[in-house]
Amino acid sequence: MRSAQQLLHSQRDVLLNWTCDHPAPLLRWLCDAEVLSSTCYLSLLEKSPSNAVAQALETVCTSEENSKKFLLVLTEVQDYYCRDLQDWVEKHCRNGIISTPHDAPVKVEEKKSKSTIAKLFKGKSKGFSPVVDIKAKDGIISNKSLKSKIRVSISAHKTTLLKRTEQLKCYSEGSAEASNSASHIEIRYTDLFVTEDNDCVNNSQHEYFDLASRRARIYVHQACQRIRPCHLLSPQGTSGRPPKRVKVKGIAGIGKSVAMQRLVYEWAIGKNMREFTCIFDLRFRELNLIDTPLSLLDLLEERFRYLKEALPDLLASPKTLLFILDGLDEFRFPLDWNSRGKNVDVGSKVPVSELMVALIKGNLLPEASVILTTRPSTEAPKHFFQRCCVVLGFEEDQVKEYTTKFYNDNKVSAKVYEYIVNNDNIFVLSFIPLYCYIICTAMAEFFNSSTQNVSDLKSLELNPPKTVSEVYFCYLFTAVKHHALKGSAGRTTPKSEVLALAKQQLTNLGKLAYQNLLQKKIMFSREDLKHYGVTPADIQSTFLCHILQPLKEETEMFSFFHLTVQEHLAALYCAINLFSQEDIMQALDLWCFGIHPPSSTVAPLQNKDLNMDKLESLQMFTRFFMGMLRAQLEGQLEGLIDPTMKRGEGIPVRLGLWFQNQFKGRKLENQTALNLLHCLMEFHMKETTSIAAPEIKTLNLFKMKLSVVDCAAMHYVLQFSPHSLQELNVGYSNIGNRGLNRLRPILHRCESLYLRYNCLDRQAAILESAVLKSKECQVKKLYMCGNNLGPEGVLELWNALEHNTTVEELYLDITGITERGTENIVNSLSKNASLRTLTIVGNDIGEVGRRRLRELERRRPGLRIIANFVDDLGLLQAYLDWVEEIRADRDQMDSVKNADALQSVLNGLRVAGVEKAENAEKAKELQTKIEELLKHSTDLIGKK
């Protein structure tokens with residue numbers, strides 16, 4: 001009996017020949033069998049297929065144990081390869097016994113011509129053979145139970161899906177000069193944060209802002225359970241039944257399609273979702289091309305031609321089928337969700353929109369499983385699904401992981417990640433995977449050692465971007481540069497020369513982006529492109545391949561590869577066409593407030609079809625415009641601008657006056673006020689901001705769900721104001737410690753500072769204590785209610801108040817104060833002469849703590865202390881109003897902090913003894929309503 005090691009040595013060349021065209025299945029199974037280490041596996045994926053298999057065989061043959069494992073793996077993956085390999089496995093590995101070949105080693109033959117099925121897929125797939133699932137368990141489809149023709153077809157399907165899904169698109173394709181990123185899905189894929197969705201969405205918001213709001217509400221409080229894509233159909237709840245219909249929602253670029261690609265890849269390679277015989281992945285952008293009625297059988301036969309013979313048998317067992325329907329938001333046909341269910345079967349010919357509705361609702365193949373992905377703006381009623389999820393993108397660890405995977409050079413990746421983390425404007429974008437891609441692509445130019453000898457230090461290329469618009473412009477410039485120069489020039493080529501080469505294309509593309517953005521149009525036909533002077537044939541051969549993408553190969557429909565890319569190009573177009581002060585002010589009036597210019601000859605202001613209901617969707621575009629306007633004024637757009645056009649003089653001053661008038665003369669909505677702050681930050685000119693900032697007397701962003709970059713925008717603008725801010729209200733905004741730290745330099749100038757329910761902890765209390773100790777402190781009212789300051793944090797506040805002379809009112813309701821947190825309250829506050837009101841309700845300070853408060857009242861007779869909810873009628877009414885607000889907006893109950901706060905209020909009422917209180921009637925009303933609200937919330941959770 002020959003050893004496994006000897007067998008593999010003797011048969012090395014023939015095994016290499018059979019597997020080198022498609023090594024992915026073999027390498028992945030060898031890694032999972034611990035024959036290859038994870039590091040070795042990933043490095044092999046970066047090599048050419050033949051070198052990868054050759055090196056794997058060398059590793060395998062180093063020991064008898066590894067050689068045996070290799071042969072076992074070969075029995076698992078044989079069906080991804082040619083018939084000759086399967087015969088070899090049958091001969092040498094029968095029943096796990098390695099037999100000695102009687103003949104000489106198999107001669108390596110010339111590769112066979114492509115099979116008929118392979119030709120259908122442009123030669124990408126080799127000869128197909130049955131798929132065998134050796135380790136079949138309960139619920140996992142065994143190969144033996146499949147008919148022969150199904151086995152052959154499924155094998156073809158899996159191999160084709162592997163070819164289609166194993167690569168992730170990346171910038172470096174086709175260009176040796178680009179970002180040097182790996183593209184295999186195993187290398188580049190970074191896990192996403194997916195969680196249950198409550199389906200409550202404000203569709204009027206720009207979807208990026210809505211996601212930021214959702215993340216602020218859910219993410220910080222951990223009020224969710226992480227769900228991996230491969231577990232979307234796992235049993236849930238007490239029933240233990242897997243859901244049949246799952247909706248996955250997320251904004252553009254958040255990773256929905258890539259997550260589905262990963263899921264399909266894992267099934268095709270035999271590692272996940274093995275309970276399904278077959279997965280059909282369908283994209284709505286491809287379904288847009290179907291204009292005539294057809295049946296599900298017709299559709300699948302056309303989409304998966306190699307499955308044609310097996311489809312009747314597959315559809316006869318729908319329990320083992322999974323349909324992935326990706327990108328509902330891209331579907332151009334209307335969907336009638338309220339239509340009565342027709343008797344639609346797999347052979348019924350109906351419009352494709354009806355076919356999709358029937359499949360999603362379960363009128364067609366109700367026993368099959370369906371995963372639907374869509375953007376938040378697209379309606380897909382929740383009651384048709386047993387599980388609804390939302391993709392929240394990356395966590396900070398995933399941003400680091402993605403950055404590390406993006407570059408082959410670890411030093412470069414470390415520098416880029418450090419730069420991202422230390423720049424709030426960029427960091428807050430990085431949780432969206434596609435933004436992360438844009439950022440990493442843009443940053444590749446700046447942290448490469450070869451840039452050090454370039455003399456043009458004022459170029460954007462050598463000064464890493466600090467604002468969002470700069471990041472996007474760098475991305476665009478990088479794409480243009482590599483294609484325009486075609487690798488023939490170095491990094492020293494002047495930027496103006498590069499941009500001049502693409503001037504006409506960028507102008508046409510920007511006009512297309514802008515005029516259609518005003519109408520919220522994101523999909524374009526070939527005729528649309530030609531109308532704007534964009535040649536569809538140029539898309540794959542120029543930088544346009546990084547800007548526009550076809551909805552399918554050889555299709556008639558295109559879109560920008562991300563909404564924000566369309567917004568940025570629209571802003572660039574406006575920046576190279578608006579020069580005079582008057583034109584710029586009229587443009588801002590139009591985009592921010594819907595005020596149409598009386599008349600104008602400049603192209604961006606001639607389109608008057610903008611409706612007021614579309615204004616909020618222009619906020620990101622407006623910020624981009626301000627960034628590009630700054631670039632125009634600084635000469636960064638040379639090459640794109642007609643040299644005969646004169647830049648308007650005094651634009652920064654005139655802009656400062658325009659912003660000043662908005663803050664002074666308008667009653668701004670919260671989101672509008674915040675957007676103006678961002679516009680000033682993107683413009684980033686001290687001259688302009690110094691004129692506008694002094695007019696901001698109060699800033700009320702209550703319940704805005706602010707991100708760190710929002711706090712950065714507030715700080716940037718308010719630092720230029722010389723006077724105190726009468727009120728800064730960021731209550732219920734979930735800014736967290738990081739956001740508060742960003743605001744730190746301006747907090748001492750806020751007379752009334754509202755920080756209620758902001759996910760703050762002891763570190764925030766330490767920060768705020770430093771503010772109160774400052775000699776420049778002007779804070780008179782401080783609201784810290786609902787933050788988890790804890791006893792240690794509150795002790796810091798008492799110490800700070802011992803020396804503070806400005807604070808008159810301090811609100812510390814429900815902040816986690818215990819008996820320990822009252823230890824120094826008497827000594828510290830008895831020395832304070834300014835404090836007039838202290839609320840400390842909703843805290844479990846115990847009898848010792850209450851005794852200390854009585855002692856403090858004795859020493860400070862002018863200090864009013866409210867320690868029980870029932871002591872103050874106004875406080876009771878305030879909490880009643882809050883409860884009524886939650887009753888009217890049940891979405892608020894999804895926040896753990898609200899449920900906990902309600903419970904704290906209830907506990908406080910019970911401790912105080914409602915019946916005996918002076919305000920007993922009002923207190924009893926509050927107690928009853930909270931009990932009802934908490935019971936209703938518990939019942940809902942139970943039903944889920």
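Below, the structure is looked at part by part. Just so it is clear, the structure is predicted and the values come from calculations on it, not from any experiment.

The rules behind the values
Residues numbered from 1 in each chain as written. Predicted model: local features only at pLDDT ≥ 70, side-chain atom pairs only at ≥ 80, totals over all residues. Heavy atoms only, no water. Helix = DSSP H or I, 4+ residues; strand = E, 2+ residues; numbered from the N terminus. Contact = heavy atoms within 4.5 Å. Areas by Shrake-Rupley, 256 points an atom, 1.4 Å probe, with all protein chains shown as cover. Salt bridge = Lys/Arg side-chain N within 4 Å of Asp/Glu carboxyl O. Buried < 20%, exposed > 50% of the residue type's maximum accessible area, 1.4 Å probe, protein only. Pairing = 2+ DSSP bridges. Axes fitted to C-alpha atoms, helices over the stretch in contact; angles between N-to-C directions. Phe/Tyr/Trp six-rings, centres within 6.5 Å; stacked < 30°, edge-to-face > 60°. Lys NZ or Arg CZ within 6 Å of the ring centre and 35° of its normal. Polar contact = N/O pair within 3.5 Å; in protein donor to acceptor, adjacent residues only side chain to side chain. Parallel < 35°, antiparallel > 145°, perpendicular 65-115°, else oblique. Left-handed = near helix turned anticlockwise from the far one by under 90°. Nonpolar A, V, L, I, M, F, W, Y, C, P; charged D, E, K, R; others polar. Core = buried A, V, L, I, M, F, W, Y, C linked by side-chain atoms within 4.5 Å.

### Some details on the overall build of the chain
Point 1. Helix and strand content of the chain: 38 helices and 16 strands.
Point 2. Residue pairs in contact within the chain that sit at least 24 positions apart in sequence constitute 76% of those at least 6 positions apart.
Point 3. For the chain, the exposed surface amounts to about 39,600 Å²; the carbon and sulfur share of it is 48%.

### What to know about the pattern of salt bridges
Point 1. Scanning the entire structure with this criterion turns up 33 salt bridges.
Point 2. A salt bridge links Asp 281 to Arg 283, with the nearest nitrogen and oxygen atoms 3.6 Å apart.
Point 3. Taking the relative accessible area as the measure of exposure, Arg 283 reaches 25% and is therefore partly exposed.
Point 4. The salt bridge involving Glu 286 is made with Arg 283; its shortest N-O contact spans 3.7 Å.

### A few points about the sheet that holds strand E9 (residues 557-560)
Point 1. Spatial strand order, E7-E9-E8: 3 strands in an open sheet with antiparallel pairing. At either end of the open sheet lies a strand with only one pairing partner, and these are strand E7 (523-525) and strand E8 (548-550). Sheet twist, expressed as the mean angle between neighbouring strand axes with direction ignored, is 35°.
Point 2. The pairing of E7 with E9 spans 3 bridges and is antiparallel. Across the sheet, the residue bridging to Phe 524 is Phe 558, located in E9.
Point 3. Relative to E9, helix H22 (residues 503-517) is tilted by about 85°, and along the sheet it contacts E7, E8 and E9.

### Points about the packing of aromatic side chains
Point 1. Counted by the stated rule, this structure contains 27 aromatic pairs.
Point 2. Arranged with centres 5.3 Å apart and planes meeting at 75°, the rings of Phe 331 and Phe 333 form a pair that is edge-to-face.
Point 3. Overall, Phe 331 belongs to the buried group, its relative accessible area being 9%.
Point 4. A centroid spacing of 5.0 Å and a plane angle of 70° characterise the contact between Phe 406 and Tyr 407, whose relative ring orientation is edge-to-face.
Point 5. We classify Phe 406 as buried; its relative accessible area is 0%.
Point 6. Here the aromatic residues Phe 394, Tyr 402, Phe 406, Tyr 407, Tyr 437 and Tyr 475 are joined through ring pairs into a cluster of three or more.
Point 7. Here the guanidinium or amino end of Lys 158 rests over the ring plane of Trp 267, the centre of that ring lying 4.9 Å away.
Point 8. The aromatic ring of Tyr 732 is capped on one face by Lys 703, whose charged end is 5.3 Å from the ring centroid.

### Some words on unusual backbone geometry
With the exception of glycine, most residues fall at negative phi, and the peptide bonds are largely trans.
Point 1. Unusually for a residue other than glycine, Glu 34 sits at a positive phi of about 65°.
Point 2. What makes Glu 34 exposed here is its relative accessible area of 65%.
Point 3. Of note, the phi angle at Met 273 is positive, near 55°, even though the residue is not glycine.
Point 4. Assignment of secondary structure puts Met 273 in the loop between helix H11 (256-268) and strand E3 (278-283).

### What about the side chain of Arg 630?
Point 1. With respect to the secondary-structure elements, Arg 630 resides in helix H26 (residues 619-633).
Point 2. Classification of Arg 630 by relative accessible area gives buried; the value is 16%.
Point 3. Looking at Arg 630, its side chain comes within polar contact range of the side chain of Glu 470, at 3.0 Å.
Point 4. Other than its neighbours up to four places away in sequence, Arg 630 contacts Glu 470, Glu 682, Phe 683, His 684 and Met 685.

### Description of the packing of H26 against helix H28 (residues 670-683)
To characterise two packed helices, one gives the angle between the axes of the helices and the distance between these axes.
Point 1. Closest axis-to-axis distance for the H26/H28 pair is 8 Å, and the angle between their directions is 20°. The orientation of H26 relative to H28 falls into the category roughly parallel. By crossing handedness, the relation of H26 to H28 is classed as right-handed. Contacts between H26 and H28 involve Gln 619, Thr 622, Arg 623, Met 626, Gly 627, Leu 629, Arg 630 and Leu 633 on the former and, on the latter, Gln 671, Thr 672, Asn 675, His 678, Cys 679, Glu 682 and Phe 683.
Point 2. Partitioning the contact of H26 with H28 into residue classes produces 5 nonpolar, 7 polar and 3 charged.

### Observations regarding the nonpolar core
Point 1. The biggest cluster of nonpolar side chains holds 235 residues, and the ones touching the most others in it are Trp 591, Phe 625 and Trp 798.
Point 2. When residues in this core are grouped by element, the largest group, 10 residues, is from helix H20 (residues 468-485).
Point 3. Dropping the residues within four chain positions of it, Trp 591 is found in contact with Tyr 514, Cys 574, Leu 578, Leu 615, Leu 618, Phe 621, Thr 622 and Phe 625.
Point 4. One finds Leu 287, Leu 300, Phe 304 and Val 370 within the second-largest nonpolar core, a separate group that totals 44 residues.

### Side note on the packing of helix H25 (residues 581-593) against H26
Point 1. The interhelical angle for the contact between H25 and H26, taken along N-to-C directions, is 160°, at an axis separation of 11 Å. Put simply, H25 runs roughly antiparallel to H26. For the pair H25 and H26, the sense of crossing is left-handed. From H25, Ile 584, Leu 588, Trp 591 and Cys 592 reach across to H26, where they touch Phe 621, Thr 622, Phe 625, Met 626 and Leu 629.

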